[in-house]
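Residues per chain, in single letters:
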Amino acid sequence: MSLSQPHPLLPVPSGSLEIRELPILSQAGDDRPLRFSLIIPTYQEAKNVKKLVHKCNKLLKREIPGEYEIIVVDDNSPDGTWEIAQNLMSEYPQLRVMRLVEERGLYTAVIRGWQVARGEVLGVIDGDFQHPPEALLKLWGEIKRGGDMAVASRHVAGGSVSDWSIVRRFLSRGPQTVGLILLPGVVGRVSDPMSGYFMVRRKCLIGCTMSPLGYKILIEVLARGRVPWIGEVGYQFKECANSESKVTAKQYIDYLRHLLRLRLSL
Ligand SMILES: Nc1nc2c(ncn2[C@@H]2O[C@H](COP(=O)(O)OP(=O)(O)O)[C@@H](O)[C@H]2O)c(=O)[nH]1
Ligand SMILES: [Mg+2]
């Protein structure tokens with residue numbers, strides 16, 4: 001066991017969920033601006049977090065060495081995910097960790113992470129390996145080509161929902177269809193609006209205040225942000241033993257409320 005002090009956790013921002021311009025950061029040291037910030041929201045991911053951080057770090061280090069950060073935002077998981085992540089910080093200098101105690105929810109976690117992020121591009125990936133980390137490089141490729149946003153999609157070439165039955169495939173399209181009816185100009189912009197795996201340039205979101213309702217962050221970002229060019233890359237959604245959905249029936253109801261609220265506010 002190491003006798004050194006653990007690295008400090010990130011302070012949790014308070015107030016609204018607004019995405020701001022990067023503050024003027026020094027050009028050297030720990031708070032210099034970066035090209036990319038990847039948020040990993042976690043709840044009860046003790047068995048995945050180490051491997052996922054390792055994998056994402058390896059890929060990003062190869063592509064943009066020294067120019068990225070990985071931020072784990074954990075909702076005070078009883079399995080100690082945040083503590084495991086915190087202990088990884090000495091091994092991974094690009095890793096930062098936030099522990100949310102008062103606020104809850106996937107949505108809030110991602111935005112709180114983006115609020116402390118130093119990257120010009122902001123991204124999110126699930127913490128349970130349902131999003132293959134390898135697709136990060138394809139997403140980054142779209143951003144490099146000039147994309148304002150890059151979305152990992154199950155419904156374009158190279159994408160699939162692996163071993164889902166026809167019934168499950170049909171049911172999974174239900175929320176998307178409702179979204180297309182209620183918000184065609186938003187939901188219709190991408191083939192997989194339910195995706196939780198994407199990157200977006202900060203400049204598209206500056207001044208936008210996000211609302212923490214439902215769990216479909218991409219729809220909120222598309223609705224409130226200014227995102228002219230969207231690139232999509234296919235990915236295979238993994239059904240794996242290491243993941244267990246925490247999405248509840250209440251979240252489906254929140255999804256509908258979310259769509260209605262956006263429809264009324266846009
Ligand atoms: N911080 C935080 N992360 C969450 C919360 N709910 C889910 N997650 C994480 O978000 C990702 C997606 O959640 P999951 O339940 O697997 O959603 P699904 O795969 O869409 O059913 C995983 O990394 C979870 O650990 C939450 O309330 N707070
Ligand atoms: Mg999952």
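Notes on the structure in this doc start here.

This next bit is on the packing of helix 3 (residues 106-116) against helix 7 (residues 217-224). The geometry of helix 3 relative to helix 7 is characterised by a closest axis approach of 10 Å and an angle of 55° between their N-to-C directions. Between helix 3 and helix 7, the interaxial angle falls into the category oblique. Within the contact between the two elements, helix 3 uses L106, Y107, V110 and W114 and helix 7 uses I217, E220 and V221. Of the residues assigned to the contact of helix 3 with helix 7, the class counts are six nonpolar, no polar and one charged.

For the rest of this paragraph, the subject is the layout of surface pockets. In this structure, the second largest pocket spans a volume of roughly 390 Å³. Lining of the second largest pocket is provided by 18 residues; of these, D30, P93, L95, R96 and R118 occupy positions nearest its centre. For the lining of the second largest pocket, the element with the highest residue contribution is strand 3 (residues 95-99), accounting for three residues.

With that settled, consider the pattern of salt bridges. For the structure on display, the rule yields 14 salt bridges. Between D254 and R257 there is a salt bridge whose closest N-O contact spans 3.1 Å. Placement of both D254 and R257 in helix 8 (residues 249-265) is noted, with a separation of three residues, approximately one turn of the helix. Since its relative accessible area comes to 8%, D254 is described here as buried. Salt bridges here are not isolated pairs; linked through shared partners, they connect E69, R96 and R118.

This paragraph deals with the packing of aromatic side chains. The geometry of two aromatic rings is summed up by the distance between their centres and the angle between their planes. Per the stated rule, a full pass over the model turns up three aromatic pairs. Ring geometry for F36 against W140: centres 5.4 Å apart, planes inclined by 50°, an arrangement best described as tilted. Residue F36 is found in strand 1 (residues 34-42), and its partner W140 is found in helix 4 (residues 135-144); the two are separated by 104 residues along the sequence. The same class applies to F36 as to W140, namely buried. Here the aromatic rings of Y197 and Y235 are separated by 5.8 Å at their centres, their planes lie at 85°, and the arrangement is edge-to-face. On the criterion of sequence distance, the pair formed by Y197 in the loop between helix 6 (184-187) and strand 6 (198-201) and Y235 in the loop between strand 7 (230-234) and helix 8 is long-range, its members being 38 residues apart. A single burial state applies to Y197 and to Y235, both of which are buried. Above the face of the F237 ring, R154 is positioned so that its terminal group lies 5.5 Å from the ring centre.

Compared with the 24 Å implied by 1.5 Å per residue over 17 residues, the 25 Å span of helix 8 between its first and last C-alpha is a close match. Those residues of helix 8 that sit buried are Q251, D254, Y255, H258, L259 and L262. Axial view of helix 8: buried residues confined to an arc of 145°, hence all on one face. The exposed set on the far side of helix 8, more than 90 degrees from its buried face, consists of A249, K250, I253 and L264.

With that out of the way, let us pick up the coordination of the magnesium ion (ligand 2). The coordination sphere of the magnesium ion (ligand 2) contains the protein donors D128 (OD) and Q130 (OE1), at a distance range of 2.0 to 2.1 Å. With respect to burial, D128 and Q130 carry one shared label: buried.

Once that is clear, we can look at unusual backbone geometry. You will see that N76, though not glycine, has its phi angle at about 50°, which is positive. Along the chain, the position of N76 falls in the loop between strand 2 (68-74) and helix 2 (81-88). Phi at F129 takes a positive value of approximately 70°, unusual for a residue other than glycine. Among the secondary structure elements, F129 is positioned in the loop between strand 4 (119-124) and helix 4. F129 gets classed as buried once you look at its relative accessible area, which sits at 14%.

Cut-offs and rules
Residues numbered from 1 in each chain as written. Chains lettered and ligands numbered in written order. Predicted model: local features only at pLDDT ≥ 70, side-chain atom pairs only at ≥ 80, totals over all residues. Heavy atoms only, no water. Axes fitted to C-alpha atoms, helices over the stretch in contact; angles between N-to-C directions. Helix = DSSP H or I, 4+ residues; strand = E, 2+ residues; numbered from the N terminus. Parallel < 35°, antiparallel > 145°, perpendicular 65-115°, else oblique. Contact = heavy atoms within 4.5 Å. Nonpolar A, V, L, I, M, F, W, Y, C, P; charged D, E, K, R; others polar. 1 Å grid on protein atoms, 1.4 Å probe; cavity = no way out; pocket = protein on both sides within 12 Å on 5 of 7 lines; lining within 4 Å. Points joined across faces, edges and corners; volume = space filled by probe spheres on them. Salt bridge = Lys/Arg side-chain N within 4 Å of Asp/Glu carboxyl O. Buried < 20%, exposed > 50% of the residue type's maximum accessible area, 1.4 Å probe, protein only. Phe/Tyr/Trp six-rings, centres within 6.5 Å; stacked < 30°, edge-to-face > 60°. Lys NZ or Arg CZ within 6 Å of the ring centre and 35° of its normal. Expected span 1.5 Å × (residues − 1). Arc of directions from axis to C-beta. Donors = N, O, S within 2.8 Å, 3.2 Å for Na, K, Ca; no water.

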